[in-house]
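# Descriptive analysis of the structure
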Amino acid sequence: MLRVHDRERYRKIAGEAFGLAKGGHLEITLREQSGFLTRFANNEIHQNGFREFLKISLRMIAKGKSARVETTDPSRASLASCVERLKALLQSRRGSDHEPGQAARQPQSEQGAEGASGELGQAARQCRPDQAAEAGWSGGGRPLAHPAPRDRRGGGQDEPALLSKQSYRAVNDFDPKIASGNPDHSARDIAEAVREIKKNGAEASGYDSAVCRHVYIANSNGLEAWHRSSAFRFGLTARKGQGVGYASGFSAFQKEINKQEIFKTALQRAGQAVLPVRVKPGRYTVIFSPRAMAEFTSPLFEDMNARKVADKNSFFWGKKGKRIFSKILTVEDNVYFPGQTGLPFDGVGLPRKKVLLVDKGVVRNFVNDRKAALDFRQAPTGHGAGSLQPSTMPVNLVVRNGEEKWADLLERLDHAIFIPHIWYHQVTNANTLLATGLIKGSALVWRNGAWQGGIQHVRYSQSLVEVLHRIIDVSCDKEMIKDKEHGGSLWPFTVVEGFRIV
Amino acid sequence: MSHEKILFVLDLLQFKKVFYGDARFVHIKQRIVSAKNGHPSVLEEKESLGLGVRALKNNGWGFGCTADLSTRGLERAVSRALETASASAKVRVFPTELSHEAPIQTSWKTPVRIDPWQVDPAEQVAYLLECEKRLRSAKGIILTDSRMEFVKKFQIFGSTQGSLIESLKSLAGGGLSCKAINGHELQKRSYPNPSYDYRCGGYEVISDLKLKEESFRIRDEALLLLKSRPCPEGKRDLILRDSILALQIHESLGHAAELDRVYGHEDNFGGRTFLKPAMLDREKIGSRQVTLVANRPEDKSGAGFAAYDDEGVPARETRVVKEGLFTGYLSSRETAARSGLPRASGSMVAEDWSHFPLIRMTNLSLLPGNRPVEAIVSEVREGILLDTESSWSIDEERGDFQIGAEIAWHVKNGKIAGAYKNPLYRGNSTRFWKQCSEVADAANYRITGFPDCGKGGPMQQAFVSHGCSPALFRGVECYASGS
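A quick note: this is a predicted structure, and the numbers were derived from the prediction, not measured.

## Section: the overall build of chain A
Counting its secondary structure elements, chain A contains 12 helices and 19 strands. In chain A, which comprises 502 residues, the share counted as buried stands at 61%. Put simply, 71% of the contacts in chain A that link residues at least 6 apart link residues at least 24 apart. Only carbon and sulfur atoms are counted for the fraction: they give 47% of the accessible area of chain A, which is about 19700 Å².

Below, the structure written as structure tokens:
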């Protein structure tokens, strides 16, 4: 049985932490997960296990500086220790306001002095907890209900103050049936897939997983946000002779995962690729699967971060308002779109907004976190990382679909290569976003209205921007691609001309 | 956490008549300090503790974990492991056997001179700010980044076969980078690596890394790249410095030597391997200069080092390649037994208590040669010397690859004659390693530690390390990104 705790349990932990912080400006994030993953290879299960954890992340702000401490232990003693660590770290952070090399000098601890030598040996010092208060750490001892009028929520030049209470739109991506998910059902489904695959003279490797998650954020300024979600995933690689077929599926809802359809697709693709076909280096019309396109464009969208653009550290610097992609391409970041999944708030509890990133090929907007929004006087988009994601970036991509099914798009093409999945995709030139990678498994060759066979070890090298400029069509059918803990991409099948195979 | 709790879990597993079971209590402490663009950026401490249980019953593997170390929590973790083992047993083909290991009761820990937790983080921030100040001390540098990180991993491992091993592994690492801009062109230099460099040890590792000392060089090289020509296309002699050779070892031979890839365990994610069992002790995959050793006893400072792995197997010195001949895999007890190998290599590592252990590289090093790097470079008439990885892409069997570096130095008649930007080289693993004509001597030997080797599902990160001296490869296809 898979289950995560309810909000009341998190509230209790948060309340305890706020009490221990004694009026300090504290934010608490709880991430709980309960799930299992079954992996199979060579037609048998080789790895199977539950993964369950609760991670508690505490962030304290004082005088515009912040520090973060994370633990997996929700006990009062652990929370008390975290709060003490935060005070000490903040004190250190204030010390670092001095010019380099003139950091606040404190009494050398016995342990720190032992064995200390040279330049870094001089650094072996420890601060006392009471020094935190001496240095003006937060509003020490003041009750939460009566914050000081100045520095009201700990904010300052470097770190915005804690948010106040916010309201959120709902995202419905929780299936109560997750509770009944168990590895026995998973083994049964895998056994069924393996039986069919063996019958077809093939072998398979893949995974089946079910996970439920609960994220809760609260702060001492009255903000409280929570979201519970479920995720069902199934994917496999089928091998038949020289043919390799890949297919995968994700849904927040059990009934929407059609495992039979997925393994049949993988098997069918392996069968279609059995006959080896040679393709010379050159430019080809290709159809990217939704997965391949989500993987291919991932480094590009990571650059749609307002801070990176302002720092000239993004390809999109100087490109806002310019048409650099195909007119067919319209992309938004929208967690509320039907079929999307994720949190309706960001890492500090700011409500996630829908952001139009690309409109008919024109670069329109970037996402920001709260500090960037304040620094650049922009409307906040609610994409700050906090402890929930590695950095500020679009996390819920929705690409506008076309009107025809991908099978119909294919019928209209004389010659095309289908790309199911890509592998080791890397940007090799940050200035042009030139990227290279390989097609994973077999790419399928379509000619004269039929699949001709498969090609393997296909390497491409092309600018991500050029590829998106060369989109000539997108399908009406879309798939949700979710590889990270939160968020995902909703992509159609995408037809690109002049794709460069090397 | 007392040993009694581990013994309690092992008793439960034995009571449930498992063929084999093990339990790992893991307590990880981490401190991350970073600065960005001349200001303090991250100041963070993380702590994670819990227990992971593995059970092998009726030929099926299962795993459970918990952060609740009460009797109830431990019982639940065991029951989760048994539940998944029972499910696995329903879809098994091959009988599971484990290679022999004598039970062992011992403890080990990393020698640490300065405990990083006894150092005021203000001093650590100040050190980084000084690095940043140096990086930013020239016009044209627009972005800077610096970081140090410390990890302590305390673990008690116990198995139903009688092993009980207590360990305390300490790691420290750091690095810096800067970006220079001219119009719309951006160039980056990092030191020691873009993902930083980690070693076993305490705060003393940071001074050994010489971040401050290298800041000016990194700054100047980023600016130099803006004025440099793209790396010319063509076959030429290639000298890889240790910083990028470590990546070459990692991607083209390290992952390829993982025995679980032979059995397709990573087929759906990380791929398979070109190193087929039939090649073992028969096929040359490199020149005579190439000898690659896992768990080399001299490399205990490498970030991947652990005296015992996460199934209680000692870090066994394993020759993966001996003078060019493929001679060994990195293995688990299960895959070693299945392949008929007498012993596992001691390569099973889990990211933390909540993950299933997998075959990982730990320490994998290229043995040094006999001559100093200067002597080798002096004999190159026309070549390039590459420093610091920037991109890597390799096929599913770890054969064909393309690797990029941050900077290329033009070597002409044995001397450095200028810099090239955006260099890339490509090749095929066996062909490439056969092109290795010389490895520099032990005086140039350095162990690079990566913190972010990703593998498996759920994706696990591991610290791995590679010792090597710079090496010369003849007639390698080189070009520039975008050419």
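## What to know about the pairing of strand β3 (residues 65–71) of chain A
With seven of seven residues buried, β3 of chain A lies mostly within the body of the structure. Neither face of β3 of chain A is open: one carries Lys65, Ala67, Val69 and Thr71 of chain A, the other Ser66, Arg68 and Glu70 of chain A, and all of them are buried. Linking strand β2 (residues 44–62) of chain A back to β3 of chain A in an antiparallel pair, the connection comprises two residues, with Lys63 of chain A at a positive phi of about 50 degrees. Here β3 of chain A pairs with strand β2 (residues 39–57) of chain B via three bridges, running parallel. Bridge pairing in β2 of chain B places Arg68 of chain A opposite Glu44 of chain B.

## What about the pairing of strand β17 (residues 459–463) of chain A?
All names here are of chain A. With five of its five residues buried, β17 lies for the most part within the structure. Every second residue of β17 is oriented toward a common face, with Arg459, Ser461 and Ser463 on one face and Tyr460 and Gln462 on the other, all of them buried. Sheet analysis places strand β14 (residues 434–439) next to β17, joined by five bridges and oriented antiparallel. If you follow Leu438 over to β17, its bridge partner there is Arg459.

## Observations concerning the interface of chain B and chain A
Taken together, the 90 residues of chain B in the interface contact 90 residues of chain A. Between chain B and chain A the total buried area reaches about 7600 Å² when both faces are included, carbon and sulfur atoms providing 47% of it. Together, Val91, Gln118 and Asn268 of chain B form the three largest contributors to the area buried by chain B at its contact with chain A, with a combined 10%. Taken together, the connections running from chain B to chain A amount to 10 salt bridges.

## Examining the sheet that holds strand β12 (residues 318–322) of chain B
Residue and element names in this part refer to chain B. Strands sit in the order β13-β12-β11-β16 across an open sheet of four strands; the sheet is antiparallel. Of all the strands in the sheet, just β13 (325–326) and β16 (364–366) have a single pairing partner and so form its edges. As paired strands, strand β11 (residues 292–294) and β12 are joined by three bridges and run antiparallel to one another. Each residue of the ladder has a partner; that of Leu292, found in β12, is Val321. Sitting on the sheet, helix α6 (residues 242–254) touches β11, β12 and β16, and the angle it makes with β16 is about 115 degrees.

## Here we look at the side chain of Asp242 of chain B
Residues and elements named next belong to chain B. Tracing the sequence through the fold places Asp242 in helix α6. Assessed through its relative accessible area of 5%, Asp242 is described here as buried. Within the local environment of Asp242, its side chain forms a polar contact with the side chain of Arg446, the two groups lying 3.1 Å apart. Not counting residues up to four positions away in its chain, the partners in contact with Asp242 are Asn444, Arg446, Thr448, Cys468 and Pro470.

## Concerning the pattern of salt bridges
In this structure the tally under the stated criterion is 70 salt bridges over all chains. Note that Arg188 of chain A is salt-bridged to Asp189 of chain A, the shortest N-O span being 3.5 Å. Judged by relative accessible area, Asp189 of chain A falls into the buried class, the value being 16%. The salt bridge involving Glu214 of chain B is made with Arg217 of chain B; its shortest N-O contact spans 2.6 Å. Of this pair, Glu214 of chain B and Arg217 of chain B both sit in helix α5 (residues 211–227), three residues apart, which is roughly one turn of that helix. The buried category is assigned to Glu214 of chain B, whose relative accessible area is 19%. Note on Arg217 of chain B: relative accessible area 27%, which makes it partly exposed. One salt-bridge network, in which partners are shared between bridges, spans Arg189, Glu214, Arg217, Glu221, Arg241, Asp387 and Glu406 of chain B.

## Description of the packing of helix α6 (residues 183–199) of chain A against helix α2 (residues 71–89) of chain B
As a packed pair, α6 of chain A and α2 of chain B sit with axes 9 Å apart at the nearest point and diverge in direction by 15 degrees. Judged by the inter-axis angle, α6 of chain A sits roughly parallel to α2 of chain B. Judged by the sense of rotation from one axis to the other, the crossing of α6 of chain A with α2 of chain B is right-handed. Contacts between α6 of chain A and α2 of chain B involve Pro183, Asp184 and Ala187 of chain A from the first element and Glu83, Thr84 and Ala87 of chain B from the second. Grouping the amino acids of the contact of α6 of chain A with α2 of chain B by side-chain chemistry returns three nonpolar, one polar and two charged.

## Section: the confidence of the model for chain B
On average, residues of chain B score 97 in pLDDT, and 100% of them reach the 70 mark or higher. The ipTM assigned to the predicted complex is 0.95, against a pTM of 0.92.

Conventions we followed
Residues numbered from 1 in each chain as written. Chains lettered and ligands numbered in written order. Predicted model: local features only at pLDDT ≥ 70, side-chain atom pairs only at ≥ 80, totals over all residues. Heavy atoms only, no water. Helix = DSSP H or I, 4+ residues; strand = E, 2+ residues; numbered from the N terminus. Buried < 20%, exposed > 50% of the residue type's maximum accessible area, 1.4 Å probe, protein only. Contact = heavy atoms within 4.5 Å. Areas by Shrake-Rupley, 256 points an atom, 1.4 Å probe, with all protein chains shown as cover. Pairing = 2+ DSSP bridges. Buried area = accessible area lost by both parts, 1.4 Å probe. Salt bridge = Lys/Arg side-chain N within 4 Å of Asp/Glu carboxyl O. Axes fitted to C-alpha atoms, helices over the stretch in contact; angles between N-to-C directions. Polar contact = N/O pair within 3.5 Å; in protein donor to acceptor, adjacent residues only side chain to side chain. Parallel < 35°, antiparallel > 145°, perpendicular 65-115°, else oblique. Left-handed = near helix turned anticlockwise from the far one by under 90°. Nonpolar A, V, L, I, M, F, W, Y, C, P; charged D, E, K, R; others polar. pLDDT = per-residue confidence, 0-100.

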